[in-house]
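# Residue-level structural notes
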Amino acid sequence: MGLLLSLTFLLFGIGSAFIGLLITQPDAVFNFLIPLPPKADVFPYNDRTWRATNEIPAKNSEIRPFRIDWPEKDLLDLKQRLENTRYGSPISDVKFTYGFPTGQVKKVVDYWLHKYDWRAQEAVLNQYPQYLTAIEGLDIHFVHYAKPQVAAKPVNTFPIALLHGWPGSFFEMYKLVPLLTTPRAIGEFDAVAFEVVIPAIPGFGFSDAAHTTGMDPCNIARIYDKLMERLGHTKYYVYGGDWGTTIARCLTVMYPEKVLGLDLTMYPVSVVPTMIRTAVASVAPSLVMDPTESYKLISNHLYTMLQEFGFTLLQSTKPDTIGAALSDTPAGLAVYILEKFTFFTRPEFINRTDGGLTEHFTMDELLTNVMVYWITNSIQSSVRIYKENCGYLNCGKLQELPRYSTLKFRPLGASF
């Protein structure tokens, strides 16, 4: 009887300790139960060809200058399509909570037709040097700029890759260029500036789209590393936003010896440990968090996520359907993209009549981003990134990526 009681207490103690670890250190428990696989078994280090014929592309390291010059006949086609826009029936007093309201659609189309000057915006896009180079059979478009050194003191220049996401484009990084390329004192250096590289994701804008499946963020990371190496950079900094965040994490995990520092606007977390923490926090928040920080609970954001993230499910399952629909209508394309700029700029903007669209951006800036998708007919190929990484909600390497810590490799920052 005494032995049985001792065993009971021992098992109870072991069970309690395990539950305690599961609550407080779920990542450690998860990694113990499911050991971290070698990176070579998880991440795509091997070259691929992205042509439908499986033809191995010839080695070609040429970097070709590129300028945007959209034909006048295509501008006329855009104008005719906008003039023939068919509008839906309006509904009153819903602001942007039902999506993009009809009245605001008409205002966007009217501005696009009568005030927007594409040639002026084309000059804005062309203000920084742009290039194309073939990597794994695809032409990759990128901006590459370093301000000429005119400072009295020598300038320490470091390369940095600025990585965009969806529904953004390489253009969203333009405001960062003068900030990063202007020399300033940082730490031990009297004058520091960055040599900026802004690649367009394959299938976005002027970068070729893959003809075969599999172009997920980690394959894109390998392509970007090749681009940086082609530009002469074996070590570089990385900044990523939205999908650029995931691509940047892939770069840092796959090539830790090359990434000098990492700055992200989103930070992915391990799915299973997060689910455990969320379940515990729902009944006993003080065990895993400060009770005053209830805003951290996913459960408090679940309704908003269901309301505003439906596009991720659509694009993760049937990207070509929505892509085909949007490829034929400029007004529809603009509405679909700009609606994301409402909520994701500030969630409360959906309760404003104008969606707060021009609170932080000009209408010219917003429409120029849309034009990058329209003139290149790349909306369909761009939304496929969701399917490639999150097809059937498996989310591919997103499951494994957070388990490989970047903190022990290089300095990490977060921007909001």
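Look up a bit, the structure's there.
Overview of the structure. It should be emphasised that the depicted structure is a prediction, and the values quoted were computed from it without experimental measurement. (Residues numbered from 1 in each chain as written. Predicted model: local features only at pLDDT ≥ 70, side-chain atom pairs only at ≥ 80, totals over all residues. Heavy atoms only, no water.)

### Details of the side chain of aspartate 139
The cut-off we apply is this: Segments assigned H or I by DSSP are reported as helices when at least four residues long, segments assigned E as strands when at least two residues long, and all are numbered from the N terminus. For this analysis, a polar contact is any N or O atom pair within 3.5 Å, provided that within protein one partner can donate a hydrogen and the other can accept it, and provided that sequence-adjacent residues contribute only side-chain to side-chain pairs. Every residue pair with non-hydrogen atoms within 4.5 Å of one another is taken to be in contact.
Tracing the sequence through the fold places aspartate 139 in strand β3 (residues 138-145). A polar atom in the side chain of aspartate 139 sits 2.8 Å from the side chain of arginine 64. Leave out the neighbours within four places in its chain, and aspartate 139 touches Arg64, Leu132, Thr133, Ala134, Phe206, Ser207 and Asp208.

### A closer look at unusual backbone geometry
Operational definition: For the exposure calls, accessible area comes from a 1.4 Å probe over protein chains only, and a residue counts as buried if that area is under 20% of its type's maximum, exposed if over 50%, partly exposed in between.
The step from tryptophan 166 to proline 167 runs through a cis peptide bond, and the omega angle for that step is 5 degrees. Relative to the helices and strands, proline 167 is located in the loop between β4 (156-163) and α7 (176-181). Phi angles above zero are rare outside glycine, and aspartate 93 is one such case at about 60 degrees. Secondary-structure assignment places aspartate 93 in the loop between α4 (72-83) and α5 (102-114). On the accessibility criterion, aspartate 93 (73% relative accessible area) is exposed. The phi torsion at aspartate 242 lies on the positive side, around 55 degrees, for a residue other than glycine.

### Focus on the state of the cysteines
Simply put, disulfide is the name for a covalent bond between the sulfur atoms of two cysteines. Threshold: Disulfide assignment relies on a single distance test, namely cysteine sulfur atoms paired within 2.5 Å.
Scanning the entire structure with this criterion turns up one disulfide. Disulfide pairing places cysteine 218 opposite cysteine 250 at an S-S distance of 2.1 Å. The disulfide joining cysteine 218 to cysteine 250 has a torsion of about -60 degrees about its S-S bond and is therefore left-handed. Of this pair, cysteine 218 sits in helix α8 (residues 217-230) while cysteine 250 sits in helix α9 (residues 243-254), and the two are 32 residues apart along the sequence. By relative accessible area, which is 1% here, cysteine 218 ends up buried.

### Some remarks on the pattern of salt bridges
Here is the rule: A side-chain nitrogen of Lys or Arg and a carboxyl oxygen of Asp or Glu constitute a salt bridge if their distance falls within 4 Å.
Applying the stated criterion across every chain yields a total of 18 salt bridges. Taking the shortest distance from any N to any O, the salt bridge between arginine 64 and aspartate 139 comes out at 2.8 Å. Placement of the pair is arginine 64 in strand β1 (residues 63-66) and aspartate 139 in strand β3, with a sequence separation of 75 residues. Relative accessible area serves as the criterion here: at 23%, arginine 64 is assigned to the partly exposed category. Residues glutamate 136 and lysine 226 are paired through a salt bridge, measuring 2.7 Å at the closest nitrogen-oxygen approach. Remark: lysine 226 occurs in helix α8 and glutamate 136 occurs in the loop between β2 (130-135) and β3; sequence separation between them is 90 residues. Several salt bridges share partner residues, and in doing so they unite Asp47, Glu136, Arg222 and Lys226 into one network.

### Section: the nonpolar core
Short version of the rule: Working definition of a nonpolar core: buried Ala, Val, Leu, Ile, Met, Phe, Trp, Tyr and Cys residues. They are joined through side-chain atoms within 4.5 Å.
With 95 residues, the main nonpolar core has Trp112, Trp118, Trp166, Phe170 and Leu251 as its most contacted residues. With nine residues, the top contributor of residues to this core is helix α16 (residues 363-376). Among residues more than four places away in sequence, those in contact with tryptophan 112 are Leu78, Leu82, Pro330, Ala331, Ala334, Leu367, Val370 and Met371.

### Considerations on the pairing of β4
Each regular strand displays side chains that alternate between the two surfaces of the sheet. The line we're drawing: In this analysis, strands are considered paired if DSSP registers two or more bridges between them.
Pairing of β4 with strand β6 (residues 189-199) involves six bridges; the strand directions are parallel. From the neighbouring strand, asparagine 156 faces β6, where its bridge partner is valine 192. Sheet analysis places β4 next to strand β7 (residues 236-240), joined by four bridges and oriented parallel. When the bridges of β7 are listed, isoleucine 160 appears paired with tyrosine 237.

### Overview of the packing of aromatic side chains
Going by this rule: Only Phe, Tyr and Trp rings take part, Trp by its six-membered ring, and two of them pair if their centres are within 6.5 Å. Stacked means planes under 30 degrees apart, edge-to-face means over 60, and tilted covers everything else. Only when the NZ atom of a Lys or the CZ atom of an Arg is both within 6 Å of the ring centre and within 35 degrees of the ring normal do we say a charge sits over the ring.
With the rule as written, the count across this model stands at 25 aromatic pairs. Ring geometry for tyrosine 45 versus tyrosine 255: centroids 5.8 Å apart, planes at 80 degrees, classification edge-to-face. With a gap of 210 residues between them, tyrosine 45 in the loop between α3 (39-42) and β1 and tyrosine 255 in the loop between α9 and β8 (259-264) connect regions that are remote in the sequence. Given a relative accessible area of 9%, tyrosine 255 falls into the buried group. Note on tyrosine 128 and tyrosine 145: the rings are 5.1 Å apart at their centroids and 50 degrees apart in plane angle, and the pair reads as tilted. Of this pair, tyrosine 128 sits in the loop between α6 (118-125) and β2 while tyrosine 145 sits in strand β3, placing them 17 residues apart in sequence. We note that tyrosine 128, like tyrosine 145, is buried. One aromatic cluster is present, formed by Trp166, Trp243, Phe309, Phe311, Tyr336, Phe343, Phe344 and Tyr386 through successive ring pairs. Above the face of the phenylalanine 311 ring, lysine 340 is positioned so that its terminal group lies 5.3 Å from the ring centre. Over the ring of tyrosine 336 we find lysine 340, and its NZ or CZ is 3.7 Å from the ring centre.

### With respect to the environment of glutamate 365
Mapping glutamate 365 onto the fold places it in helix α16. For glutamate 365, a relative accessible area of 21% gives the class partly exposed. Residues glutamate 365 and tyrosine 116 lie 249 residues apart in sequence; the distance between their C-alpha atoms is 9.9 Å. Apart from residues lying up to four places away in sequence, glutamate 365 is in contact with Phe171 and Lys175.

### A look at the side chain of serine 382
Checked against the element boundaries, serine 382 lands in helix α17 (residues 379-390). Given a relative accessible area of 0%, serine 382 falls into the buried group.

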